[in-house]
Number of protein chains: 2
Amino acid sequence: MSTVEELQKRVAELEAILKDKNDFTGSKREKIAEMSAEVVDSNPYSRLMALKRMGIVNNYEKIREYTVAVVGVGGVGSVTAEMLTRCGIGKLILFDYDKVELANMNRLFFQPHQAGLSKVEAAARTLSFINPDVVMETHNYNITTIDNFQHFMDRISEGGLNGGAVDLVLSCVDNFEARMAINVACNTLGQTWFESGVSENAVSGHIQLIIPGESACFACAPPLVVASNIDEKTLKKDGVCAASLPTTMGVVAGFLVQNTLKKLLNFGEVSWYLGYSALSDFFPKMKLRPNPTCEDSYCRARQKEFNEKPKPVVADVPAETIKEVHEDNEWGICLVDETSQDAEPETKNNLELVEGVRAAYTVPETCPTQGPTIEDTEVSLDELMKQMKSL
Amino acid sequence: MSTVEELQKRVAELEAILKDKNDFTGSKREKIAEMSAEVVDSNPYSRLMALKRMGIVNNYEKIREYTVAVVGVGGVGSVTAEMLTRCGIGKLILFDYDKVELANMNRLFFQPHQAGLSKVEAAARTLSFINPDVVMETHNYNITTIDNFQHFMDRISEGGLNGGAVDLVLSCVDNFEARMAINVACNTLGQTWFESGVSENAVSGHIQLIIPGESACFACAPPLVVASNIDEKTLKKDGVCAASLPTTMGVVAGFLVQNTLKKLLNFGEVSWYLGYSALSDFFPKMKLRPNPTCEDSYCRARQKEFNEKPKPVVADVPAETIKEVHEDNEWGICLVDETSQDAEPETKNNLELVEGVRAAYTVPETCPTQGPTIEDTEVSLDELMKQMKSL
């Protein structure tokens, strides 16, 4: 049995370790009942509520009513979850089956002492510590197995703060199979989501908004460049792995959450597709319309519903007014001039990419005239392809 | 005096707190003598060294020889320091005089339990824990006072790992005075640096490369939009504060560190000016040449040196070869066609910005024809101004 002296020494030692880490339980902040704009050093929401005074957001505090599901809590997903947590989102639902490894330390968020813990548990613990006001729900499983997929669908449709569907699903996964699973779930449920990804060579990435029936789904026209669909685990067995950088992943997470905030809080213009090519600081933007012959029958059903919906009458009104109408209408965030559609699907099959990056998809050659309709916002698709090729 | 039983209970309690936090000293990783590309879960550098196999970077491990000074460890600077730390930079020198507050919790990096600590100390502690291989030097002072400014200059010119100048200075400060101090120091020392900033309304930001004598300095032609030069502390007294978002700051930090990596490790194209307008996902790019009548005499001296330096002879060689020459030459990263310069300084005085954002600088009306020379890379300045106005 230890002596009093030895025990006192041990207590002092442990207290010193805790003090040194500045991680004492007593310093965790209390929950805050209501978001305030008061400018005091102790208010974690003052800089966010200032968005109202600056004329950017009308209703910042409404963020507390929203639920966002983040699928994949790796290099992009963990930073995405942290940004949403710091913004004071109402509820987060995190899905991942992986464990934290030291090999993940070249990306933001996780720390070496968390190696070996499940990503969702480690993330939820850190996030609750950063902002205890956010409701956290975690699922430590692979969404692509049959049982888990049904549970995943259930949580998307019933996991919202009000017991209904979540407000948005953010895909931050690193493989084709998981993206297709999210696509099937969201097409089935009519759930709006953002797809995101970074390339295997770590120097490009993208986000893509998918509103079932209104924009191209992942099976209609996936992004030009995504990470390879070879499983990381297979790669690692062969002694190779994809490259990754905290910069590219931080930028993609920033784009993803910024567009999430714009969509949920109704400000600015939500990008349908935004790419990032780090080597040349090039940012392709475009709109992708659904493929009428998409293989996913739920996608075609959502397209039918969307096409049959009465559209708002917009004519001869000033640009400012049109913008307001779009922001409030139930068909999404942007009305597109149908006359400006330039379908150039044939170029997709000729895509040449840098080593280590592959196109996720090629338009089937049997129906070249029925491929996805691509609309330009900034550059022509031809120009875009040229720039992609020149990387 | 406590009983043995009470003390044993206290020891168990403290051990449980530490265990729960998974923050036990024993789990901090050991230093790694040499960067390896080995693909094992325990290697924190495998995903970075994979950049070599992917053909992106020739010499990734050279990053360990470089020293970067980060001035300002707030919303942008802290994430910048974290990204560089995770990338395995050789040495970081951090400057900041501020303390962590709960009001900073809407940005990445700092956590509530660090409230009250100095930003540089809190940052260095977390960063050393994330990657003990990085050498950390911190200075908890305001660089703009006379004594500190001299010490700041000394550390920039002698703080490198080899006892010489640092390789790059990254400005992540939030006020005009500190930017001007960095500008004076870097012009005097001929030190290359990146300026960065986010707007008061939180929805735009930029980075700008400044190579004294070769590109415009901060006094020649500061960025179109920077945070107001009103001191945060003055603002807070009046019950108002600037807005900020973790998204915008994360994106700006990502751009800053990505371009830092490109510059230090010689890959891709380094952007001279890269802006980010979050409302429309618009990314202005341009090149700014120095103002021959810049008020800073050291800027003019550096311009004279640059102009008198013999330029490499580049004629009738394939584009690929030219690129190689530029990457290795001592005049920086890019040779510009002098015939393509379009000086349009007069439009700068007519800049109209969204509420809460102001231009940091207007070209003096006494010398309108001698303003900075602006070169286009992607859009014309006129077009850029139109897009800025339409925000």
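Keep in mind that what you see is a predicted model, and the values were worked out from it rather than measured.

S.K.: Before we move on, could you go through the environment of Asn148 of chain B and cite the residues and values that matter?
M.R.: All names here are of chain B. Secondary-structure assignment places Asn148 in helix H5 (residues 146–158). Between the C-alpha atoms of Asn148 and Pro112, which are 36 residues apart in sequence, the distance is 29 Å. Among the polar contacts made by the side chain of Asn148, one reaches the side chain of Thr145 at a distance of 2.9 Å.

S.K.: Hey, could you go over the interface of chain A and chain B for me, with residue numbers and the actual values?
M.R.: Residue-level contacts link 97 residues of chain A with 96 residues of chain B. On the chain A side of the contact with chain B, Arg47, Arg86 and His113 of chain A bury the most area, a combined 9% of that side's loss. For the pair chain A and chain B, the interface holds 2 salt bridges. Between Asp281 of chain A and Lys262 of chain B there is a salt bridge; the shortest N-O distance is 3.5 Å. Applying the counting criterion to the chain A and chain B interface returns 36 residue pairs in polar contact (both at pLDDT 80 or more). Only helix H1 (4–21), helix H2 (46–53), helix H3 (77–86), helix H4 (119–130), helix H7 (232–237), helix H8 (246–265) and strand S7 (273–277) of chain A provide two or more residues apiece to the side of chain A that touches chain B. Here the side of chain A that touches chain B is composed, by residue class, of 48 nonpolar, 25 polar and 24 charged.

S.K.: Before we move on, can you summarise the relation of the copies chain A and chain B with the specific residues and values?
M.R.: Superposition of the two copies of the chain requires a rotation about an axis together with a shift along that axis. Screw-axis analysis of chain A against chain B gives a translation of 0.0 Å along the axis, an RMSD of 0.3 Å, and a rotation angle of 180°. What we have between these two chains is a two-fold relation. Considering only C-alpha atoms, the residue of chain A closest to the rotation axis is Val251 of chain A, which sits at 2.3 Å. Both copies present the same face, since 99% of the interface residues in chain A are matched by interface residues at the equivalent positions in chain B.

S.K.: Tell me about the packing of helix H5 (residues 146–158) of chain A against helix H6 (residues 176–189) of chain A, and please be specific about residues and values.
M.R.: Residues and elements named next belong to chain A. In contact at an axis separation of 10 Å, H5 and H6 are set at 50° when each is read in the N-to-C sense. With respect to H6, the axis of H5 lies oblique. Note that H5 runs across H6; the crossing there is right-handed. Residues Phe149, Phe152, Met153, Ile156 and Ser157 of H5 touch H6, and the partners they reach there are Ala181, Ile182, Val184, Ala185, Thr188 and Leu189. Looking at the contact of H5 with H6, its residues break down into 9 nonpolar, 2 polar and no charged.

S.K.: How would you explain the pairing of strand S4 (residues 168–171) of chain A if you had to name every residue and give the values?
M.R.: Residues and elements named next belong to chain A. Burial along S4 is two-sided: Leu168 and Leu170 facing one way and Val169 and Ser171 facing the other are all buried. Across 4 bridges, the pairing between strand S1 (residues 67–71) and S4 is parallel. Among the inter-strand pairings, Val68 is bridged to a residue of S4, identified as Leu168. Where S4 lies against strand S5 (residues 193–198), 3 bridges are found, and the strand directions are parallel. Of the residues in S5, the one forming a bridge with Val169 is Trp193.

S.K.: Explain the pattern of salt bridges residue by residue, including any values.
M.R.: All names here are of chain A. Enumeration over the complete set of coordinates arrives at 24 salt bridges over all chains. Between Arg86 and Glu82 there is a salt bridge, and its shortest N-O distance comes to 2.8 Å. Of the two residues, Arg86 and Glu82 are both situated in helix H3; the distance of 4 residues between them amounts to about one turn of the helix. Across this residue pair, the class does not change: Arg86 and Glu82 are buried. Within the structure, one salt-bridge network assembled from shared partners comprises Arg29, Arg64 and Asp133.

S.K.: How would you sum up unusual backbone geometry? Please name residues and give values.
M.R.: All names here are of chain B. Located in the positive-phi region is Asn266, a residue other than glycine, with phi close to 55°. When you line up the elements, Asn266 lands in the loop between helix H8 (246–265) and strand S7 (273–277). By relative accessible area, which is 34% here, Asn266 ends up partly exposed.

S.K.: Tell me about the nonpolar core, and name the residues and values.
M.R.: Counting 134 residues, the largest nonpolar core has Tyr60, Leu92 and Phe255 of chain A together with Tyr60, Leu92 and Phe255 of chain B as the members making the most contacts within it. Contact partners of Tyr60 of chain B, with chain neighbours within four places excluded, come to Met35, Leu48, Met49, Leu51, Lys52, Cys87 and Leu265 of chain B.

S.K.: Provide a residue-level description of the packing of aromatic side chains, including the pertinent values.
M.R.: Tallying each qualifying case throughout the model produces 22 aromatic pairs over all chains. With centroids separated by 4.9 Å and ring planes inclined at 85°, the aromatic side chains of Phe95 of chain A and Phe152 of chain A adopt a geometry described as edge-to-face. With a gap of 57 residues between them, Phe95 of chain A in strand S2 (residues 91–95) and Phe152 of chain A in helix H5 connect regions that are remote in the sequence. With centroids separated by 5.8 Å and ring planes inclined at 45°, the aromatic side chains of Phe255 of chain A and Tyr276 of chain B adopt a geometry described as tilted. Here Tyr276 of chain B lies in strand S7 and Phe255 of chain A lies in helix H8, a pairing that spans two chains. Residue Phe255 of chain A shares its accessibility class with Tyr276 of chain B, and that shared class is buried.

Reading the values: rules and limits
- Residues numbered from 1 in each chain as written.
- Chains lettered and ligands numbered in written order.
- Predicted model: local features only at pLDDT ≥ 70, side-chain atom pairs only at ≥ 80, totals over all residues.
- Heavy atoms only, no water.
- Helix = DSSP H or I, 4+ residues; strand = E, 2+ residues; numbered from the N terminus.
- Polar contact = N/O pair within 3.5 Å; in protein donor to acceptor, adjacent residues only side chain to side chain.
- Contact = heavy atoms within 4.5 Å.
- Buried area = accessible area lost by both parts, 1.4 Å probe.
- Salt bridge = Lys/Arg side-chain N within 4 Å of Asp/Glu carboxyl O.
- Nonpolar A, V, L, I, M, F, W, Y, C, P; charged D, E, K, R; others polar.
- Least-squares fit on C-alpha atoms with pLDDT ≥ 70 in both.
- Axes fitted to C-alpha atoms, helices over the stretch in contact; angles between N-to-C directions.
- Parallel < 35°, antiparallel > 145°, perpendicular 65-115°, else oblique.
- Left-handed = near helix turned anticlockwise from the far one by under 90°.
- Buried < 20%, exposed > 50% of the residue type's maximum accessible area, 1.4 Å probe, protein only.
- Pairing = 2+ DSSP bridges.
- Core = buried A, V, L, I, M, F, W, Y, C linked by side-chain atoms within 4.5 Å.
- Phe/Tyr/Trp six-rings, centres within 6.5 Å; stacked < 30°, edge-to-face > 60°.

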